[in-house]
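As a plain string of letters, each chain reads:
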Amino acid sequence: MSITVGAALKKIAVALVTNPKVIKTVGGVVIGIVLILALPIIAVVSFFNGDIEFDTASLNQSIQTQLMAEHKENLENINKTMEKIEEELKEKKLSKYNKQAEVIYIFYFSDKHDKDFIDKFVKCFKKDLTNQGLIEKVNSEFGIQINPNEFSKIMNSIKGNKIDTSDFTDKTTKNNLDLVEWCKNAESNGWGYVWGAYGQVCTTSYLDEMAKKYPGETEAGGPMRKVGEKWIGKRVTDCIGLIKSYMWYNSDTGEITAGSNNFQDCNTTSIWNYTKESGDISTMPDTPGLAVWMPGHIGVYVGDGYVIEAQGTAYGVVKTELNGRGWTKWIKIPNMKYVEVKSK
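Residues numbered from 1 in each chain as written. Predicted model: local features only at pLDDT ≥ 70, side-chain atom pairs only at ≥ 80, totals over all residues. Heavy atoms only, no water.

*Asks:* Report on the overall build of the protein chain, specifying residues and quantitative values.
*Replies:* From N to C terminus, the protein chain includes 13 helices and 11 strands. Each of the 344 residues in the protein chain was classed as buried or not, and the buried ones make up 48%. For the protein chain, the exposed area adds up to about 17,200 Å²; of that, 49% sits on carbon and sulfur atoms. (Helix = DSSP H or I, 4+ residues; strand = E, 2+ residues; numbered from the N terminus. Buried < 20%, exposed > 50% of the residue type's maximum accessible area, 1.4 Å probe, protein only. Areas by Shrake-Rupley, 256 points an atom, 1.4 Å probe, with all protein chains shown as cover.)

What follows is the structure, given as structure tokens:
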């Protein structure tokens, strides 16, 4: 059994439309299934890219009034099973794989609700497992043939605009350890680069807006406007925006609001107006979550000799080695709580 990317995109609408606050309700799944059946592929792609929006509350209410009781019962079973899968993944500290689990379950196993299935399914998930490794385990466990390459393409479409805070240590504070997790998620989810961005989902209209605002040929305008199209559908940021996106993120609402959480808007030069502790790169302590700086550019040290940085329009958010990149200063980010890494 295998699926094309086109068919998968229709089906994956169920995973995208149902955000964390909606997926726990039957309505979230209802909306997704209706989208699967009703929307042409171009509309689904437009949804991925952020070019269209849905009034999910109104759509949910309208759909549920027209569903037969047996369909509602089936949807309830699907939702309950997915909740149990997420609970078991959470117990195993594997919540970062919730979205992969949703996709695989809805594509291939939505008629299975028994506990034996859930146990077998969850056993397929292991720490630091690649998409291909996961699909190989699922194929082996259940005797099916999911195409790993197709699955990776689907997940890339989803992950580009996903924000995952499941591994945060403390969502009530802005701290260095969660900044590191934020940056790791941005890098692994393939966030792109647009000058002036701080976590927005990239669309054609957004590229036009930023090109007008920052018209320089090395900014968002000129040739960079065209290069930026490679990031359509994904979240985008610039170098300082990677830090601002975390500092401005509100875990309660899931929104990134400029100037919030007592963090001033700044660029790589003006951040020095708020910095209280810094030093030459040669004196940098081995503290994950420190910012590393060079004239015109900034990144985040994530430990073990590595930095995650929004490198440029052609590269996006990438992981690089600390040494040899030309960093000249380290900075404790203003209004951030720095806590020690707990020993294992």
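*Asks:* Lay out the nonpolar core with the relevant residues and their values.
*Replies:* Membership of the largest hydrophobic core comes to 40 residues, with the highest contact counts inside it found for Leu-242, Ile-243, Ile-298 and Ile-333. With 6 residues, helix α13 (residues 239-247) is the largest single contributor of residues to this core. Among all residues touching Leu-242, those that are not within four sequence positions of it are Trp-182, Cys-183, Ala-186, Trp-191, Thr-237, Ile-308, Glu-309, Ala-310 and Val-317. The next biggest cluster of nonpolar side chains, apart from the first, holds 27 residues, and it includes Tyr-97, Ile-104, Phe-151 and Ile-154. (Core = buried A, V, L, I, M, F, W, Y, C linked by side-chain atoms within 4.5 Å. Contact = heavy atoms within 4.5 Å.)

*Asks:* Run through helix α6 (residues 98-108), naming residues and quoting values.
*Replies:* Summarising burial for α6: 10 of the 11 residues are buried, a large majority. Taken as a whole, α6 has its buried residues at Asn-98, Lys-99, Gln-100, Ala-101, Glu-102, Val-103, Ile-104, Tyr-105, Phe-107 and Tyr-108.

*Asks:* Which residues make up the sheet that holds strand β3 (residues 235-237), and what values do they have?
*Replies:* Remark on secondary structure: sheet strands pair via backbone hydrogen bonds, oriented parallel or antiparallel. With mixed pairing, the 3 strands of this open sheet are ordered in space as β1-β3-β2. With partners counted over all chains shown, the strands left at the sheet margins are β1 (192-193) and β2 (198-201), one partner each. Of the pairings in the sheet, the one linking β1 to β3 comprises 2 bridges and is parallel in character. Residue Gly-192 lies in a different strand from β3, and its bridge partner there is Val-236. Packed onto the sheet, α13 meets β1, β2 and β3 and runs at close to 85° relative to β2. (Pairing = 2+ DSSP bridges. Axes fitted to C-alpha atoms, helices over the stretch in contact; angles between N-to-C directions.)

*Asks:* So what's going on with the sheet that holds strand β6 (residues 278-280)? Which residues, and what values?
*Replies:* The 6 strands are arranged β6-β11-β7-β8-β9-β10 in an open sheet whose pairing can be described as antiparallel. Since the sheet does not close on itself, it has two edges, and those belong to β6 and β10 (317-321), each with one partner. Mean inter-strand twist for the sheet, computed between neighbouring axes without regard to direction, equals 30°. Taken together, the 3 bridges between β6 and strand β11 (residues 329-331) define a ladder with antiparallel strand orientation. Residue pairing in the sheet places Ser-278 in a bridge with Ile-331 of β11.

*Asks:* Can you break down unusual backbone geometry residue by residue, with the values?
*Replies:* Positive phi, close to 60°, is recorded for Lys-93, a residue that is not glycine. Positive phi values are uncommon outside glycine, yet Asp-304 reaches one of about 60°. On the basis of relative accessible area, Asp-304 is assigned to the exposed category, the value being 73%.

*Asks:* If you had to explain the pattern of salt bridges to someone new, which residues and values would you point to?
*Replies:* Between side chains of opposite charge, a pair can form as their charged atoms come close. Within this structure, the stated rule accounts for 9 salt bridges. A salt bridge links Lys-226 to Glu-229; its shortest N-O distance comes to 3.2 Å. Residue classification places Lys-226 among the exposed positions, given a relative accessible area of 58%. Here Glu-229 falls in the partly exposed class, since its relative accessible area comes to 32%. Each member of the salt-bridge network shares a partner with another, and the members are Asp-208, Arg-225, Lys-226 and Glu-229. (Salt bridge = Lys/Arg side-chain N within 4 Å of Asp/Glu carboxyl O.)

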